[in-house]
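# Observations on chain architecture
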Number of protein chains: 2
Amino acid sequence: MTQCAPPVWPVGFLAGSVCAGIKKQGVPDLALILGESPLTAAAVFTKNLVCAAPIQLSKSHLAYSHTKISALLINSGCANAATGAEGLTRARRATTALAALLHVDATTVLTNSTGVIGVQLPVDRIEAALPSLVASVQAGSCESFARAIMTTDTRPKWSTRTIHWTVGATAHTCRVTGVAKGAGMIHPNMATMIAVLATDATCTPHDLDALLRHAVDRSFHRISVDGDTSTNDSVFALASCTSGTPPAAELAEAFDAVAQDLALLVVRDGEGFERGIEVRVIGAKTSDDALQVARTIAMSLLVRTAVTGGDPNWGRILAAAGRAGVAFNPETVRLSTGGIELFAHGAPTASDLAAVRLAFTAELVRIELDLSMGSASDHFWSCGLTKRYVEINADYTT
Amino acid sequence: MTQCAPPVWPVGFLAGSVCAGIKKQGVPDLALILGESPLTAAAVFTKNLVCAAPIQLSKSHLAYSHTKISALLINSGCANAATGAEGLTRARRATTALAALLHVDATTVLTNSTGVIGVQLPVDRIEAALPSLVASVQAGSCESFARAIMTTDTRPKWSTRTIHWTVGATAHTCRVTGVAKGAGMIHPNMATMIAVLATDATCTPHDLDALLRHAVDRSFHRISVDGDTSTNDSVFALASCTSGTPPAAELAEAFDAVAQDLALLVVRDGEGFERGIEVRVIGAKTSDDALQVARTIAMSLLVRTAVTGGDPNWGRILAAAGRAGVAFNPETVRLSTGGIELFAHGAPTASDLAAVRLAFTAELVRIELDLSMGSASDHFWSCGLTKRYVEINADYTT
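Just so we're clear, the structure is a prediction, and the values are computed from it rather than from any experiment. (Residues numbered from 1 in each chain as written. Chains lettered and ligands numbered in written order. Predicted model: local features only at pLDDT ≥ 70, side-chain atom pairs only at ≥ 80, totals over all residues.)

## A few points about the overall build of chain A
In terms of regular secondary structure, chain A is built from 11 helices and 15 strands. Against the compact-globule benchmark of 21 Å for 398 residues, chain A has a radius of gyration of 22 Å, which places it among compact chains. For chain A, the spread of C-alpha atoms along the three principal axes comes to 70 × 60 × 35 Å. Contacts spanning at least 24 positions in sequence make up 80% of the contacts within chain A whose residues lie at least 6 apart. (Helix = DSSP H or I, 4+ residues; strand = E, 2+ residues; numbered from the N terminus. Rg over C-alpha atoms; globule rule 2.2 N^0.38 Å. Contact = placed C-beta atoms within 7 Å.)

This is the structure we're talking about:
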């Protein structure tokens, strides 16, 4: 998957970023999206009990103002997580200061932070930077915003889809543009995944929430880099409602496609990434069963190290499936990789070892397991576990 | 933990080993324990659905003959897992051939295999080696048996406890001796953990089973090297019932102690091992809750890489606890490492950073989390995730 040039935000959105000095390197670390008029909003937040202060704040603002959101403020360089009452006070100071500049109610500002856990937010620097941040916003390219929310990402992540439809003789168009930062809760103390999906389609808060949950469930909830749920994970959906109502199915498809693009970009940028893994489980009794088996295989350290080594150790795939907690009969499962059958009827299948080896060294190693228990299926993406991953996460010194 | 010189088997046991040529290196790879008279036996087997042929066979033999076991035959170099009906036939051939040599019923022979998954057992070599294997057995040191069941282990693993008690004026003594091979399902295709606990105490099959399950639950079920349950994991308990009945509590203590020694030896010999992790969760509502949180922290890749780096990234410990699926209030938990408080009352605790750093570079990093929800507690052991682990598991070529 190659990433295209930075797409533009949909109609009705302005965005920008500045260097607020939160990160030491003097790079952009404070990003802002504004609605030209009030935005409809929805969000999916981390389920981690240790939930960052800005997420606690955004949850309460969203409950109150989900049809009249003015702004989304995101900083990198500090997660403002595990920071207690002081952390919440600082998050509130930042959103209140922005609201004052924008002459809006503070509850219409959403926020999140990403960076080191357990360090208080340098809110003085954020307050000082807000006037130039507000001055920086413009319509058009999402690049500056996408860059400012990066932490250990090696590249900014974006994706877009345009929907065309007609009402009578009139042609209409709208857009879904997404940006994300990732990948997994990877870097030392980094609290990680944030994505924003913006559209100019007209939707109710209820529909936007449903579109977002459907899209997230099939994308961000199907990837793992290290199995750790961060304290700051969030996906925001914002709608300017300026361009009319496209056919529901096409809008859903666009949300799903953009979210899936971003999720795969997050995996591909996982620290130490060398090779991706796609696990597809078919023939399951229920889709929950399929997901459970797919996730267990994709997250197995032994499967992930085998993929890193390009080593066709398919016994590890079966062993991971067998401990997933889902009933199946090992005598009737069928395992293949890259379309080559490896195991069937309870025994290894004679195979062309060179072809098998090739399948295990693909850029994306495709594993398919047929449980022969029914007709449900699901999938999960991860990546090989590499020495570089361990290095990045171990050799850091605070 | 330093390991002592190889202990002796209890009274009533003979053991030995030979090179059967299953492993290419010409090292001992076939091991045997015989009872001088029929042994009482119990076992705990892997819960993996993809269960190896020798385990399937041993389960049925054990159900039939748990008061009259003659022998336990273990080979390394081949797991005989994912080998279908042919695998079961070969396992049966090996046990039947041994039974014929010993003039016993084949159902009184238990067996297991450890090594590569998905390769058929070279049963011809095993049959050819059986006469010299039977000739090799003797009472005394457990060393040759412990060495022959090794796969990627860097050292043999054993532990023993002696129990002294008196009945009237008569002094009695008995012993519990254990050997194990490990560590986790670590090496490419290796299907791994096997342990044998032998005692000359007199016990009923029911009591032996209870002793074994209690001991395993507090030892082997509390360790993880990579989260993968192997297809061949098994712990056997064998009692010769020759030395009388020690006080029940002391026998249980001896089983628990030997099993815990072996479990920790397995972790310490985990591939790429550099530093151990002990997680103790206290103040939980239930012990299930405590175990769930302790296990999640101990198995978190981010916690494990932080420990490898000796990096006091305690935010990762809280983040792992927060996703464990157990309700607690982050504002009231208390986290410490090596006795140094790091987080309390919802915020970082001011700490001596040098002391914290020292706690994170101990040979065994001791993490304690008080959930402040009740009075239940539990623990879990793992080890830092190292580059060497990835190297061993990725850079192997079949």
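## Side note on the sheet that holds strand E13 (residues 347–348) of chain A
Residue and element names in this part refer to chain A. Spatial strand order, E13-E12-E11-E14-E10-E15: six strands in an open sheet with mixed pairing. A strand with exactly one partner marks an edge of an open sheet, and here the two such strands are E13 and strand E15 (376–383). Where strand E11 (residues 334–337) lies against strand E14 (residues 364–370), four bridges are found, and the strand directions are antiparallel. What sits directly across from Arg334, in E14, is Asp370. Packing of helix H9 (residues 314–322) onto the sheet brings it into contact with E11, strand E12 (340–344) and E14, and relative to E11 it is tilted by some 135 degrees. (Pairing = 2+ DSSP bridges. Axes fitted to C-alpha atoms, helices over the stretch in contact; angles between N-to-C directions.)

## Focus: the packing of helix H8 (residues 301–308) of chain A against helix H11 (residues 387–394) of chain B
Two elements in contact, H8 of chain A and H11 of chain B, have axes whose closest approach is 8 Å; the angle formed by their N-to-C orientations is 70 degrees. In terms of their interaxial angle, H8 of chain A and H11 of chain B are classed as roughly perpendicular. Crossing geometry of H8 of chain A relative to H11 of chain B is assigned as right-handed. Residues Leu302, Thr305, Ala306 and Thr308 of chain A of H8 of chain A lie in contact with H11 of chain B, whose contacting residues are Val390, Asn393 and Ala394 of chain B. For the contact of H8 of chain A with H11 of chain B, the per-class residue count stands at four nonpolar, three polar and no charged. (Parallel < 35°, antiparallel > 145°, perpendicular 65-115°, else oblique. Left-handed = near helix turned anticlockwise from the far one by under 90°. Nonpolar A, V, L, I, M, F, W, Y, C, P; charged D, E, K, R; others polar.)

## With respect to unusual backbone geometry
Positioned with a positive phi, Ala82 of chain A is a non-glycine residue whose angle comes to about 60 degrees. Tracing the backbone through its elements, the reader meets Ala82 of chain A in the loop between strand E3 (69–76) and helix H2 (84–102).

## Structural notes on the domain arrangement of chain A
For chain A, the assigned domains are domain 1 (13–268) and domain 2 (276–394). For domain 1 of chain A versus domain 2 of chain A, the distance between C-alpha centres works out to 33 Å. (Domains from an automatic or database assignment.)

## Comments concerning the pairing of strand E1 (residues 13–18) of chain A
Residue and element names in this part refer to chain A. Of all the six residues making up E1, five are buried; the element is thus mostly covered by neighbouring parts of the structure. Inspection of the sheet shows E1 paired to strand E2 (residues 30–45) by six bridges, in the antiparallel sense. By the bridge assignment, Val18 is partnered in E2 with Leu30. (Buried ≥ 20, exposed ≤ 12 C-beta atoms within 10 Å, placed from the backbone.)

## Quick look at helix H1 (residues 53–65) of chain B
Residue and element names in this part refer to chain B. Taking 1.5 Å as the rise per residue, H1 with 13 residues should run 18 Å; its terminal C-alpha atoms sit 18 Å apart, in good agreement. Within H1, burial applies to Ala53, Pro54, Ile55, Leu57, Ser58, His61, Leu62 and Ser65. Structurally, H1 contributes buried residues whose contacts are with strand E2 (30–45), strand E3 (69–76), helix H2 (84–102), strand E4 (109–116) and strand E9 (234–239). (Expected span 1.5 Å × (residues − 1).)

## Some thoughts on the sheet that holds strand E11 (residues 334–337) of chain B
Residue and element names in this part refer to chain B. Taken in spatial order, the six strands make up an open sheet running E13-E12-E11-E14-E10-E15, and their pairing is mixed. Bordering the open sheet on either side are strand E13 (347–348) and strand E15 (376–383), each of which pairs with just one other strand. Relative to strand E14 (residues 364–370), strand E10 (residues 276–284) runs parallel, the two being bridged by seven bridges. Its bridge partner lying in E14, Val281 is registered against Leu369. Packing of helix H7 (residues 287–299) onto the sheet brings it into contact with E10, E14 and E15, and relative to E15 it is tilted by some 20 degrees. Along the sheet face, helix H9 (residues 314–322) touches E11, strand E12 (340–344) and E14 and points at about 135 degrees away from the line of E11.

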